[in-house]
Amino acid sequence: MLMLAGRASDARVPCPAECCTTAARGLAMSRISAPDHTKAPMTTHKLLLLPGDGIGPEVMAEVERVLAFFNKRSTKAKFDTETDVVGGASIDIHGIPVTDACVAKADKADAIVFGSVGGPKWDKVKYEIRPEAGLLRLRKDLDLFANLRPAICYPALAEASSLRREHVEGLDILILRELTGGTYFGEPKEIVTLEDGQQRAVDTTVYTTAEIERIARVAFELARNRKNKVHSAEKRNVMKTGVLWNQVVTAVHQKEYKDVQLEHILADACAMQLVRNPKQFDVIVCDNLFGDMLSDEAAMLTGSIGMLPSASLGAPDPKTGKRKALYEPVHGSAPDIAGKGLANPIAQIASFGMTLRYSCGLAKEADLVDKAIADVLAQGYRTGDIMQPNMRKVGTTEMGKAIVGALEKLAA
Ligand code: IPM
Ligand code: MG
């Protein structure tokens with residue numbers, strides 16, 4: 001049953017047709033929804049796969065396994081995939097972490113499924129062309145401002161968290177991170193040499209009313225389909241951006257979303273409360289930098305950072321209603337285990353599940369993916385990062401195969 005609670009966390013795509021779960025049908029049409037393809041005879045979804053570096057290609061191979069399952073089976077949707085290089089892999093070939101051609105492909109795709117970038121091999125490349133710059137350019141150029149990071153504790157993993165079972169069992173929170181503004185992109189961003197020979201580094205945190213309004217709206221829309229509660233995490237006691245964030249979120253709430261419960265919380269207190277009593281939260285909305293940190297923290301509540309998927313969404317196109325979207329695991333490239341077949345592919349596969357839900361309008365298929373993941377965990381399959389006593393330790397491929405096996409059973 002937790003699966004249903006868990007899936008509700010993703011602001012599921014409501015579907016009036018018989019294909020969706022009761023929970024999905026019961027929800028009001030949200031603005032955070034994908035176009036409904038259930039009535040179309042056949043839709044082809046164009047996906048751009050960007051495996052990237054480190055464990056990225058290994059975990060992406062398991063997404064391809066899941067994709068092959070759906071392509072073989074589904075009559076109403078087909079997936080066309082194209083693959084390109086990004087991050088260090090792109091630096092090695094093109095000298096830059098993402099090419100214009102790759103960005104153009106990303107722009108045309110229905111969705112991008114992204115692996116991870118970076119690693120010690122590229123530690124010495126110039127800052128401007130470091131692997132991470134490829135990901136940041138994609139986020140910025142496609143204006144993917146809303147980053148949804150759901151942290152759900154699967155029942156089978158309640159013991160794998162560093163927190164006691166009672167704190168994480170049934171956990172279902174959603175961190176909504178603003179992704180295209182704030183400290184990550186503010187100018188100036190530089191290191192200058194002063195007259196006395198010292199250096200001075202500057203990062204700038206900038207937010208406008210419109211940027212805060214649009215992320216606040218996403219937070220309230222998401223909350224309406226969940227437990228109806230939003231915490232806005234900000235440093236209004238120190239930062240001017242925190243003061244404005246607080247004011248704008250309050251104003252949007254007053255004007256448009258009075259039915260949703262809103263609480264403001266200082267970002268540092270939020271970090272503390274996340275490990276003290278995480279289940280008090282439903283949706284946490286915050287700026288780019290705080291979101292980066294709070295989501296890594298939330299990941300560990302679920303047992304492992306190898307479990308957390310994410311969706312980065314743009315605004316809906318005024319004509320088609322479609323949002324540009326990139327789906328990626330929250331974990332990084334894990335160079336220490338790369339190439340060894342040890343990585344946990346669940347976050348990457350769950351990110352593909354979010355692709356089905358938000359970009360393809362395939363809520364039923366997304367539910368299947370989530371259920372298959374829960375089933376293999378319940379059967380005792382564990383990669384090293386979530387290994388527990390008396391469980392069955394498997395590698396990346398075996399975990400991917402087990403998930404496809406569970407999908408086959410569920411779909412039979
Ligand atoms: C994340 C990552 C990225 C970020 C890095 C890889 C640039 O940590 O998605 O959380 O800082 O946003
Ligand atoms: Mg991060």
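Undergrad: Help me get a handle on the site of ligand 1, residues and values and all.
TA: If you check the shell around ligand 1, you find Glu132, Arg139, Arg149, Arg177, Tyr184 and Asp292 and nothing else. Between tyrosine 184 and ligand 1, the recorded distance is 2.5 Å, taken from a side-chain N or O atom to an oxygen atom. Within the side chain of aspartate 292, one N or O atom sits 2.8 Å away from an oxygen atom of ligand 1. Relative to its unbound accessible surface of 320 Å², ligand 1 loses 78% to contact with the protein. By residue class, the composition of the shell around ligand 1 is one nonpolar, no polar and five charged.

Undergrad: Can you break down the pairing of strand 2 (residues 77-83) residue by residue, with the values?
TA: In the sheet, strand 1 (residues 43-52) pairs with strand 2 via seven bridges, with the strands oriented parallel. The residue bridging threonine 44 from the neighbouring strand is lysine 78, located in strand 2. Of the crossover connections in this fold, the one passing from strand 1 over helix 3 (residues 56-73) to the parallel strand 2 is right-handed.

Undergrad: I'd love a proper account of the nonpolar core, names of residues and values included.
TA: Within soluble globular proteins, side chains that are nonpolar tend to cluster in buried spots. Ranked by internal contacts, the top residues of the largest apolar core, which has 69 residues, are Phe70, Leu148 and Leu176. Here leucine 148 is in contact with Leu174, Ile175, Leu176, Leu222, Pro309, Ser310, Ala311, Leu313, Met354 and Tyr358, once residues within four sequence places are set aside. Counting 23 residues, the second-largest nonpolar core is a separate cluster that includes Cys153, Ile173, Ile265 and Phe281.

Undergrad: Give me the confidence of the model for the chain: which residues, what numbers.
TA: For the chain, the mean per-residue pLDDT works out to 91, and 90% of the residues sit at or above 70. Segment residues 1-30 is flagged for pLDDT under 50; beyond a separation of four residues in sequence, or across chains, it makes 75 contacts in the model.

Undergrad: So what about the packing of helix 3 against helix 13 (residues 363-378)? Which residues, and what values?
TA: Running from N to C, helix 3 and helix 13 cross one another at 135°; their axes reach a closest spacing of 13 Å. Taken together, helix 3 and helix 13 sit at an angle that is classed as oblique. In this structure, helix 3 meets helix 13 at a crossing whose hand is right-handed. For the pair formed by helix 3 and helix 13, the contact residues are Val66, Phe70 and Arg73 on the first element and Glu365, Leu368 and Val369 on the second. Grouping the constituent residues of the contact of helix 3 with helix 13 by class yields four nonpolar, no polar and two charged.

Undergrad: Before we move on, could you go through the pairing of strand 7 (residues 199-204) and cite the residues and values that matter?
TA: Of the strand pairs in this sheet, strand 6 (residues 186-193) and strand 7 are connected by five bridges, and their pairing is antiparallel. Each residue of the ladder has a partner; that of threonine 193, found in strand 7, is glutamine 199. Taking the residues between adjacent antiparallel strands as the criterion, strand 6 and strand 7 are bridged by five residues, where glycine 197 takes a positive phi near 95°.

Undergrad: Break down the sheet that holds strand 8 (residues 229-234) for me, with residues and values.
TA: Read from one edge to the other, the open sheet built from ten strands follows the order 2-1-3-12-11-4-5-10-8-9, with strand pairing classed as mixed. Edge positions in the sheet fall to strand 2 and strand 9 (261-266), since each has one partner strand and no second. Shown here is a sheet whose adjacent strand axes are inclined to one another by a mean of 25°, direction ignored. The strands touched by helix 11 (residues 288-301) within the sheet are strand 4 (146-152), strand 5 (172-178), strand 8 and strand 10 (283-286), with strand 5 carrying the most contacts at an inclination of about 160°.

Undergrad: Talk me through the packing of aromatic side chains; I want residue IDs and the actual numbers.
TA: By the definition in use, this model includes five aromatic pairs. When the ring of phenylalanine 69 is compared with that of phenylalanine 70, the centres are 5.0 Å apart and the planes differ by 75°; the resulting orientation is edge-to-face. Summarising the burial analysis for this pair, phenylalanine 69 and phenylalanine 70 share the class buried. Members of the aromatic cluster, connected to one another through ring pairs, are Phe69, Phe70, Phe79 and Phe352. Between the NZ or CZ atom of lysine 140 and the centre of the ring of phenylalanine 185, over which it lies, the distance is 4.8 Å.

Undergrad: Report on the pattern of salt bridges, specifying residues and quantitative values.
TA: Under the criterion given, the structure shown has 26 salt bridges. Residue glutamate 62 is joined to arginine 65 by a salt bridge in which the shortest nitrogen-to-oxygen separation is 2.7 Å. Of this pair, glutamate 62 and arginine 65 both sit in helix 3, separated by three residues, roughly a single helical turn. Residue glutamate 62 is classed as buried on the basis of its relative accessible area, which comes to 2%. One salt-bridge network, in which partners are shared between bridges, spans Glu82, Asp84 and Lys105.

Cut-off values and rules
Residues numbered from 1 in each chain as written. Chains lettered and ligands numbered in written order. Predicted model: local features only at pLDDT ≥ 70, side-chain atom pairs only at ≥ 80, totals over all residues. Heavy atoms only, no water. Near = heavy atom within 4 Å. Polar contact = N/O pair within 3.5 Å; in protein donor to acceptor, adjacent residues only side chain to side chain. Areas by Shrake-Rupley, 256 points an atom, 1.4 Å probe, with all protein chains shown as cover. Nonpolar A, V, L, I, M, F, W, Y, C, P; charged D, E, K, R; others polar. Pairing = 2+ DSSP bridges. Helix = DSSP H or I, 4+ residues; strand = E, 2+ residues; numbered from the N terminus. Right-handed = clockwise from strand over helix to strand, strands pointing away. Core = buried A, V, L, I, M, F, W, Y, C linked by side-chain atoms within 4.5 Å. Buried < 20%, exposed > 50% of the residue type's maximum accessible area, 1.4 Å probe, protein only. Contact = heavy atoms within 4.5 Å. pLDDT = per-residue confidence, 0-100. Axes fitted to C-alpha atoms, helices over the stretch in contact; angles between N-to-C directions. Parallel < 35°, antiparallel > 145°, perpendicular 65-115°, else oblique. Left-handed = near helix turned anticlockwise from the far one by under 90°. Phe/Tyr/Trp six-rings, centres within 6.5 Å; stacked < 30°, edge-to-face > 60°. Lys NZ or Arg CZ within 6 Å of the ring centre and 35° of its normal. Salt bridge = Lys/Arg side-chain N within 4 Å of Asp/Glu carboxyl O.

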